[in-house]
Number of protein chains: 2
Amino acid sequence: MTPTKSSRPSVRDRILSTASELFYKEGVNNVGIDRIIAESGVAKMSLYNHFKSKDDLIATWLQQRDERWRIWFKATVERLATEPSDRVLAIFDALQEWFEQPNFRGCAFINSTIELANPEHPGYQVSLHHQQTIFDYIYSLVKSAELSDPEILTQQLILLFEGAIVVAMMQHNIEVAVRAKQAASVLVTAKSKS
Amino acid sequence: MTPTKSSRPSVRDRILSTASELFYKEGVNNVGIDRIIAESGVAKMSLYNHFKSKDDLIATWLQQRDERWRIWFKATVERLATEPSDRVLAIFDALQEWFEQPNFRGCAFINSTIELANPEHPGYQVSLHHQQTIFDYIYSLVKSAELSDPEILTQQLILLFEGAIVVAMMQHNIEVAVRAKQAASVLVTAKSKS
DNA sequence: TACACTACAGACAGACTTGTCTACATAATC
DNA sequence: GATTATGTAGACAAGTCTGTCTGTAGTGTA
């Protein structure tokens, strides 16, 4: 039943994979170490050999998720639109694809920040960095589209962006992505130089 | 040092007051029963005589906070603006006043929903109800201002609203209220019938 | 073959959690 | 004044949590 050692992912990857799924679905505070080792089929000492502590595992998870999410998001936006001005709005189409995933439960970085409630936690800095890189990416799209007041516009788009994520999470309502895109379209048009 | 019994608030109120402060500041999962009884100067059995369980205390807290927050929000909006069209935008000025409070840590209902991660929890329904009443109130303002597509506009304003709350919480950035108001102004203008 | 490394399995400590129970004190009411 | 309500103080049970430790099995390498 269990795959052979060679075909199986490494112990570290199995731990991170299981932790990722559970942490996102149920929250970092609601998932214990024992759950993670049981579901990943790993010895407890193996976990503590690869990660200094649970907090370290959480921070590593967030770091990995930050990288992967950004790669996915960028690729999705660029798949959905090619023109710079279209790509600014396509971020909300990408959002919708995210919302449609059956296991969607909001932004892991917002959620973890709230759960940890501690700015000293290593995961908090990762979360802030995540939001900053999202800003940078959207800002680059806005600049490419040659829209006025790019910084202000980006900040406004981010409010729609984060708002949509939170409302979609709370109400299980995918439609908000469309509403956000409509609103963004009005804001973008107002900043068009044409 | 301790006030006399007669001048002191009731045991139930002291428990709720302490729980409210701690639950909001540190999160429901990070605050234990023992903390609450110690800081409110109450016996453990007194707490369990007034509340069936910790979950019951959480739900009661959210219910009380829902009522009080809505009363505060409505009063603040109506203090800041009188004309219907101004009141639609004044919701973001009220937001800013909220953000400026030193103990601001986002929306208790979003936070609790994330922490509990369980739609069956009695507090979850309270949170959904809270969001619905916010929608209803903003919708009533939009209707009074006689703007087009009131439902769609309200949904869009709520995205800015919730987005501002989350970003303000994450980044400790009060300025987002101004950005949200600017964006809302553009959306409202686009829906003006004049 | 011998050694080192990695992982498994599970006991264990110590701290923390919620909720119950008892014993005692104070306040209000008949 | 006696009784009933309510609150205090703290022990306690039963479970959870993180993190450490021991012993054993398997694998790769010298």
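Cut-off values and rules
Residues numbered from 1 in each chain as written. Chains lettered and ligands numbered in written order. Predicted model: local features only at pLDDT ≥ 70, side-chain atom pairs only at ≥ 80, totals over all residues. Heavy atoms only, no water. Core = buried A, V, L, I, M, F, W, Y, C linked by side-chain atoms within 4.5 Å. Buried < 20%, exposed > 50% of the residue type's maximum accessible area, 1.4 Å probe, protein only. Contact = heavy atoms within 4.5 Å. Domains from an automatic or database assignment. Buried area = accessible area lost by both parts, 1.4 Å probe. Polar contact = N/O pair within 3.5 Å; in protein donor to acceptor, adjacent residues only side chain to side chain. Nonpolar A, V, L, I, M, F, W, Y, C, P; charged D, E, K, R; others polar. Least-squares fit on C-alpha atoms with pLDDT ≥ 70 in both. 1 Å grid on protein atoms, 1.4 Å probe; cavity = no way out; pocket = protein on both sides within 12 Å on 5 of 7 lines; lining within 4 Å. Points joined across faces, edges and corners; volume = space filled by probe spheres on them. Helix = DSSP H or I, 4+ residues; strand = E, 2+ residues; numbered from the N terminus. Salt bridge = Lys/Arg side-chain N within 4 Å of Asp/Glu carboxyl O.

**Things to note about the nonpolar core**
Okay, step 1: With 134 residues, the main nonpolar core has Phe 99 of chain A together with Phe 99 and Phe 161 of chain B as its most contacted residues.
Okay, step 2: Setting aside residues up to four positions removed in sequence, Phe 99 of chain B forms contacts with Phe 104, Ala 164, Ile 165, Ala 168, Ile 174, Val 176 and Ala 177 of chain B.

**Focus: the domain arrangement of chain A**
Residues and elements named next belong to chain A.
Okay, step 1: Assigned domains within chain A: domain 1 (8–51) and domain 2 (61–190).
Okay, step 2: Just the C-alpha atoms count here: the centres of domain 1 and domain 2 sit 27 Å apart.
Okay, step 3: Across the contact, 10 residues belong to domain 1 and 12 residues belong to domain 2.
Okay, step 4: Interface of domain 1 and domain 2: buried area, both sides summed, is about 970 Å²; carbon and sulfur atoms make up 54% of it.
Okay, step 5: Sorting the residues of domain 1 by area buried against domain 2 places Leu 16, Tyr 24 and Val 28 first, and these three jointly supply 62% of that buried surface.
Okay, step 6: Between domain 1 and domain 2 we count 6 residue pairs in polar contact (both at pLDDT 80 or more) in total.
Okay, step 7: Residues that form the side of domain 1 that touches domain 2 fall into these classes: 4 nonpolar, 4 polar and 2 charged.

**Some words on the relation of the copies chain B and chain A**
Okay, step 1: Expressed as a screw operation, the relation of chain B to chain A combines 0.0 Å of axial shift with a rotation of 180°, fitting to an RMSD of 0.0 Å. The transformation just described matches what one would write down for a two-fold rotation axis. Measuring from the rotation axis to each C-alpha of chain B, the shortest distance belongs to Gly 163 of chain B, at 1.8 Å.
Okay, step 2: When you check the interface residues of chain B against chain A, 100% turn up at the interface there too, and the contact is symmetric in its surfaces.

**Notes on empty space enclosed by the protein**
All names here are of chain B.
Okay, step 1: Counted according to the given criterion, the structure contains 2 cavities of 30 Å³ or more.
Okay, step 2: Taken as a whole, the largest cavity encloses approximately 40 Å³ of empty space.
Okay, step 3: Forming the boundary of the largest cavity are Trp 69, Trp 98, Cys 107, His 130, Gln 131, Ile 134, Phe 161, Glu 162 and Ile 165.
Okay, step 4: When contributions to the lining of the largest cavity are tallied by element, the ones reaching two or more residues are helix 7 (122–144) and helix 8 (150–171).

**A look at the pattern of salt bridges**
Residue and element names in this part refer to chain A.
Okay, step 1: If you walk through the whole model with that rule in mind, you get 18 salt bridges over all chains.
Okay, step 2: A salt bridge links Asp 34 to Lys 44, with the nearest nitrogen and oxygen atoms 3.0 Å apart. Linking Asp 34 in helix 2 (residues 33–40) with Lys 44 in helix 3 (residues 44–50), this pair joins segments that are 10 residues apart in sequence.
Okay, step 3: For Lys 44, a relative accessible area of 40% corresponds to the partly exposed category.
Okay, step 4: The partner of Glu 175 in a salt bridge is Arg 179, and the shortest N-O contact between them spans 3.4 Å.

**Section: the interface of chain B and chain A**
Okay, step 1: Contacts between chain B and chain A engage 39 residues on the former and 39 residues on the latter.
Okay, step 2: Summed over both sides, the interface between chain B and chain A buries roughly 3200 Å², with carbon and sulfur atoms accounting for 68% of that surface.
Okay, step 3: Area buried by chain B at its contact with chain A is led by Ile 114, Leu 159 and Met 170 of chain B, which between them contribute 24% of it.
Okay, step 4: Connecting chain B to chain A are 12 residue pairs in polar contact (both at pLDDT 80 or more).
Okay, step 5: Secondary structure elements with two or more residues in the side of chain B that touches chain A: helix 6 (108–116), helix 7, helix 8 and helix 9 (176–190) of chain B.
Okay, step 6: Tallying contributions element by element places helix 8 of chain B first for the side of chain B that touches chain A, with 14 residues.
Okay, step 7: The residue makeup of the side of chain B that touches chain A, split by class, is 22 nonpolar, 12 polar and 5 charged.

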